[in-house]
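# Summary of the model geometry
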Amino acid sequence: MPPPADIVKVAIEWPGAFPKLMEIDQVKAVLLSSIIKKMPHTSNRNNIKNGSILRLTTSAAQMAQQLHERIQSSSMDMKLDALKDLANSSRDITFAQEFINLDGISLLTQMVESGTDFGDLLSFTLTAFVELMDHGIVSWDTFSVAFIKKIASYVCKSSMDTAVLQRSLAILESMVLNSQDLYQKVAQEITIGQLIPHLQGTDQDIQTYTIAVINALFLKAPEEKRQFDEDNVNILDCPLTCNVLHLSKILFLVFQNVIRSNKPINDEMAHQLYVLQVLTFNLLEDRMMTKMDPQDQAQRDIIFELRRIAFDVECESNNSGSFEKRKSMYTRDYKKLGFINHVNPAVDFTQIPPGMLALDNMLYFARHHQDAYIRIVLENSSREDKHECPFGRSSIELTKMLCEILKVGELPSENCHDFHPMFFTHDRSFEEFFCICIQLLNKTWKEMRATSEDFNKVMQVVKEQITRALTIKPNSLDQFKSRLQNLSYTEILKLRQSERMNQEDFQSRPILELREKIQPEIMELIKQQRLNRLCEGTCFRKISSRRRQDKFWYCRLSPNHKVLHYGDLEESPQGEVPHDSLQDKLPVADIKAVVTGKDCPHMKEKGALKQNKELLELAFSVLYESDEYLNFIAPDKHEYCVWTDGLNALLGKEMTSEFTRSDMDTLLNMEMKLRLLDLENIQIPEVPPPIPKEPSNYDFVYDCN
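Residues numbered from 1 in each chain as written. Predicted model: local features only at pLDDT ≥ 70, side-chain atom pairs only at ≥ 80, totals over all residues. Heavy atoms only, no water.

Going by what an unreviewed UniProt entry lists, the chain is known as Engulfment and cell motility protein 1-like and is assigned to Sinocyclocheilus grahami. Entered under Function (unreviewed entry) in the UniProt record, the comment concerning the chain runs "Involved in cytoskeletal rearrangements required for phagocytosis of apoptotic cells and cell motility. Acts in association with DOCK1 and CRK. Was initially proposed to be required in complex with DOCK1 to activate Rac Rho small GTPases. May enhance the guanine nucleotide exchange factor (GEF) activity of DOCK1." (UniProt positions renumbered as here; feature names shortened; annotations may be inferred.)

Okay, here's the thing in C-alpha cells:
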C-alpha cells in the first residue's frame, strides 16, 4: 500500500545539532507548526518534498533584537562577534528591515561619531552600515554633518586600516550619488591631495573605490563649478570641483600607477576608469559649447598670440601706422593663418560646437609645439590659394571631429568598459591628441594633393585614419602616433579596396561570373538615367574669349532622343525651360563626335586658358559638321559627367566618366548583395557541379501525342 500523499519525510536541522529524520503531515502540520511557530513564513509548507532538509533558524525579528542588544555590550569580544554577525545578516532585506525598525542605523552612526571603536570593530560597523543602506530603505539625507566629517576623516588620514578605508570610500560615493545636499558637504571635506595617495598605493580595490568617489563628485558637480582652469597651481589643496586640469592629472597618476604595479585591470576598475575618462571629456564639452565673444579683448588676445608666434611679429602699439594699414596687415596674416573670416577671426569661434575648445587647442599647439605650428602655417601660406590647407578652418573642424569620435559630452554608460589607455598618460592628453591629429591632417592633405574643394574628402580620410588607429587601443600617445605613420592615404586606399573585395567573397569564380552577367543591366540603367537627365536640360554659362559675360544658354534633349534643343537666355532659369522656347535644334544623327578639355575649339582660343584653368576640366564640345562645333562649359563636375556620358551614349560609345564608374560600383555591389541574400552562410563552390551522364533511354519521357 503506497504511503499517504500528505505525509512527507524530511530532515529537520536545529542550530548546532545533526539533522533528524521526521514525518510531516502537511494537512495537520501540527508538529511542523509547533517547530516553526516563531518563523514568519509558513505559507510554502505544501511545497516541501520528500528528502528535503529544513534548516531552522531564529526569526529575523528575534535575531535583529538580539544583535541590537549585543552590539551595545560592554564586552569588546561579545561586541565584535555581534558586529560580525550583523555585517553578514544585513545582506538579507528581511533582517535589514527588522533591524532598521529598531532604529539600528542611528545606533551605528552614533557608534561611528563617538570615535571609540577602531580596527575590526570599526570595520564591521561600517560594513554593516553599507549593507543596510544598500537596500534603499533609509534616505541618505538623514545623516548629520558630524557623521560625514568622521567618515571623511578616515579617508583623509595618511594611514588607515584597509577595510575601514574601503568602506569609508564606499559610503562617501553613495552619499554623493544619492543626495545633492550631501555632495556639497562631502566636497567641502575632501581635496585632491587627500585622495591621490590612495591612487598611488598597491591595493587595486582601494584604487577602484577612490576613482568611484572622484567620478561621483565630478558627476554631481553643478554647472557653475564646471570650470576650465589652467592657472591653478595648488592643485593638491583644491576641493574636488569639476576642473579639466584636475581630472587629467588624476588620469595621469592612475594610469602611471597601473603600469608601475604591472597588474591586470579588473572589470570594475576598467569601468571606473572609463567613467573618469568620459567625465574628463564631458568637461571639455563645456568649453566646446562656449561661444567666443568677438568683443572680449582677453579672447581676442589669444588670436593675436597665434599671429605673433606664427609670424614672429612684435605687438604693434596703438599709434604705430594708420588704422587702415594695421587693419590690412592683420587681414593678410589672418588669411595666412587659415581663418574663414579674415577681418575678425573671432567670428569663426562663435559656432558651437566646437566653440572655444578649438581656440584652446590651437593655442596649446602653438605654444607647446611651436616649430611644427610655424612650419604648417608658413608652408600653407606659401602655396597657391587653391592648394592651401587652412590651419584655422582645419583646427576648428578637426576639434569638432575629435569630439564626435571620442563622444565628448555623452554621459558614461553603465554597460561600457571601453576606454582608451593613451588618455591616461599625459595631463593634457586631449590637447596632445589634437596636436598629433592636426599634423596628420596637413600630411594627408599633401598626400592627396587636395584643393579647397576637397576639404571634406580630406576630413573623411583623416577621420578614418584616426578611428583605425584607435581600434588597437594604443597604450600611449607615442604608440598612437606610430600607428598613424602606417596609415597613410595610400594605405587607406589599399585597406578600403581589400575590405571591399573581400566582402561577400567577391573574388570567387561564381561571383565574378554573376557580376559579369549583371554588369550590362546596370550599365543600361545608368545610360537611361543619363539620357533622362539630358531630357531635363541644363543651363550653361557663355564664355567669351575677350571677357567673362553673365549670359546663359540652355540645352536639352528631346523626349524621343533624336534632337538637341538649345537657345540663349537672359538670366539663369529657376526650373526646366520648355522646348518651344529654344529656337535652335541639332539632330542627334548629325553629331559626329564629342571632344573634351584641350581638344575643344573654345579652349584653343587665345586667352581662354589664361582666364581660368579650371575651365579645362568642365569644357566639352559637340562636332556636328566638318568644322562646326557646339561648345559647352559645364556648371560643375557632376553636370560635366552627366552630359559627356549622355552624349557618348547617344553616339553608341562607352561612358567613361568617373561618375559612371562610381555609380557602376555602387549599384553593382547593391545588386550583388540583394541576389546573394538567400545564400548567406552557404559556401559557394569554386567550380560548377558535374553534368550527369545521359540516360540509356528516354522511355520515362511522356509522349504528348
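So, next bit.
## Some words on the overall build of the chain
On a plain count of helices and strands, the chain comes out with 27 helices and 10 strands. Within the chain, the fraction of its 705 residues that count as buried is 43%. Pairs at least 24 residues apart make up 64% of the contacts formed inside the chain by residues separated by at least 6 positions. (Helix = DSSP H or I, 4+ residues; strand = E, 2+ residues; numbered from the N terminus. Buried < 20%, exposed > 50% of the residue type's maximum accessible area, 1.4 Å probe, protein only. Contact = heavy atoms within 4.5 Å.)

## Here's the deal with the pairing of strand β10 (residues 629–633)
In this structure, strand β9 (residues 619–623) lies alongside β10, joined through 5 bridges in antiparallel fashion. From the neighbouring strand, A619 faces β10, where its bridge partner is I633. The antiparallel hairpin formed by β9 and β10 contains 5 residues in its connecting segment. (Pairing = 2+ DSSP bridges.)

## Notes on the packing of aromatic side chains
Counted according to the given criterion, the structure contains 24 aromatic pairs. Taken together, a centroid distance of 5.9 Å and an interplanar angle of 25 degrees make the contact between F304 and Y330 stacked. A residue pair is termed long-range when its members are at least 10 positions apart, and F304 in helix α14 (residues 297–311) and Y330 in helix α15 (residues 323–336) qualify at 26 residues. The exposure class of F304 is partly exposed, given its relative accessible area of 28%. Between Y330 and Y334, the aromatic rings sit 6.1 Å apart at their centres with planes inclined by 25 degrees, giving stacked as the arrangement. Placement of the pair is Y330 and Y334 together in helix α15, with a separation of 4 residues, close to one helical turn. Each member of the pair, Y330 together with Y334, is buried. By way of ring pairs, the aromatic residues F540, W553, Y566, F620, F632, Y640 and W643 are connected into one cluster. Of note, R393 hangs over the ring of F455, and the distance from its end group to the ring centre comes to 3.8 Å. (Phe/Tyr/Trp six-rings, centres within 6.5 Å; stacked < 30°, edge-to-face > 60°. Lys NZ or Arg CZ within 6 Å of the ring centre and 35° of its normal.)

## A look at the nonpolar core
Counting 63 residues, the largest nonpolar core has F349, F365, Y373, L398, F433, I466 and F480 as its most contacted members. Looking at this core, the elements that each hand over two or more residues are α14, α15, α16 (356–368), α17 (370–381), α18 (391–405), α19 (429–447), α20 (455–470) and α21 (477–485). Of the residues forming this core, the biggest block, 10 residues, is contributed by α19. Once you skip the residues sitting within four places of it in the chain, L398 turns out to touch F434, C437, I438, L441, M459, V462 and I466. (Core = buried A, V, L, I, M, F, W, Y, C linked by side-chain atoms within 4.5 Å.)

## Some points on helix α2 (residues 60–70)
Looking only at α2, the buried set comprises A60, A64, L67 and H68. Along the axis of α2, the buried residues cluster in a sector spanning 105 degrees; they form a single face. As for α2, its buried residues are in contact with α3 (76–89), α4 (93–101) and α5 (104–114). (Arc of directions from axis to C-beta.)

## Description of the pattern of salt bridges
Enumeration over the complete set of coordinates arrives at 15 salt bridges. With a closest N to O distance of 3.3 Å, D85 and R70 form a salt bridge. In this pair, D85 sits in helix α3 while R70 sits in helix α2, placing the two residues 15 residues apart along the sequence. Taking the relative accessible area as the measure of exposure, D85 reaches 31% and is therefore partly exposed. (Salt bridge = Lys/Arg side-chain N within 4 Å of Asp/Glu carboxyl O.)

## Considerations on a negative patch on the surface
Taken together, the side chains of D590, E625, D627 and E628 make up a negatively charged region of the molecular surface. Mapped onto the elements of the fold, D627 is located in the loop between β9 and β10. On the basis of relative accessibility, which here comes to 55%, the residue D627 falls in the exposed class. (Patch = residues over 30% accessible without salt bridge, like charges linked within 9 Å, V, L, I, M, F, W, Y side chains within 5 Å. Areas by Shrake-Rupley, 256 points an atom, 1.4 Å probe, with all protein chains shown as cover. Lys, Arg positive; Asp, Glu negative; His and termini not counted. Charge placed at Lys NZ, Arg CZ, Asp CG, Glu CD.)

## Here we look at the packing of α5 against helix α6 (residues 120–133)
Two elements in contact, α5 and α6, have axes whose closest approach is 10 Å; the angle formed by their N-to-C orientations is 145 degrees. The crossing of α5 and α6 is left-handed. Contacts from I105, L108, T109, M111 and V112 of α5 reach α6 at T125, L126, A128, F129, L132 and M133. Of the residues that constitute the contact of α5 with α6, the class distribution is 9 nonpolar, 2 polar and no charged. (Axes fitted to C-alpha atoms, helices over the stretch in contact; angles between N-to-C directions. Left-handed = near helix turned anticlockwise from the far one by under 90°. Nonpolar A, V, L, I, M, F, W, Y, C, P; charged D, E, K, R; others polar.)

## A look at α19
Spanning 19 residues, α19 covers 27 Å between terminal C-alpha atoms, matching the ideal 27 Å at 1.5 Å per step. Across the 19 residues that make up α19, a large majority, 15, are buried. The first or second residue beyond α19 is R449, which carries a positive phi of 50 degrees. (Expected span 1.5 Å × (residues − 1).)

## Overview of unusual backbone geometry
In this model, D103 sits at a positive phi of 65 degrees, which is unusual for a non-glycine residue. Among the secondary structure elements, D103 is positioned in the loop between α4 and α5. For H561, which is not glycine, the phi torsion reads 65 degrees and is therefore positive. Position of H561 relative to the elements: it lies in the loop between β5 (548–557) and β6 (563–569).

## Structural notes on the confidence of the model for the chain
For the chain, the mean per-residue pLDDT works out to 76, and 73% of the residues sit at or above 70. Ignoring residues within four places in sequence, the model shows residues 37–44, a span with pLDDT below 50, making 7 contacts including any to other chains. Contacts of residues 226–246 to residues separated by more than four positions or lying in other chains number 59 contacts, the stretch itself having pLDDT below 50. (pLDDT = per-residue confidence, 0-100.)

## Topic: the sheet that holds β10
Read from one edge of the open sheet, 3 strands run β8-β9-β10, paired in antiparallel fashion. The strands lining the two open edges of the sheet, one partner per strand, are β8 (593–596) and β10. Taken over all neighbouring pairs, the strand axes of this sheet differ in orientation by 20 degrees on average, direction set aside. Contacts between helix α26 (residues 637–650) and the sheet are confined to β8, β9 and β10, with β9 contributing the most and set at about 20 degrees to the helix.

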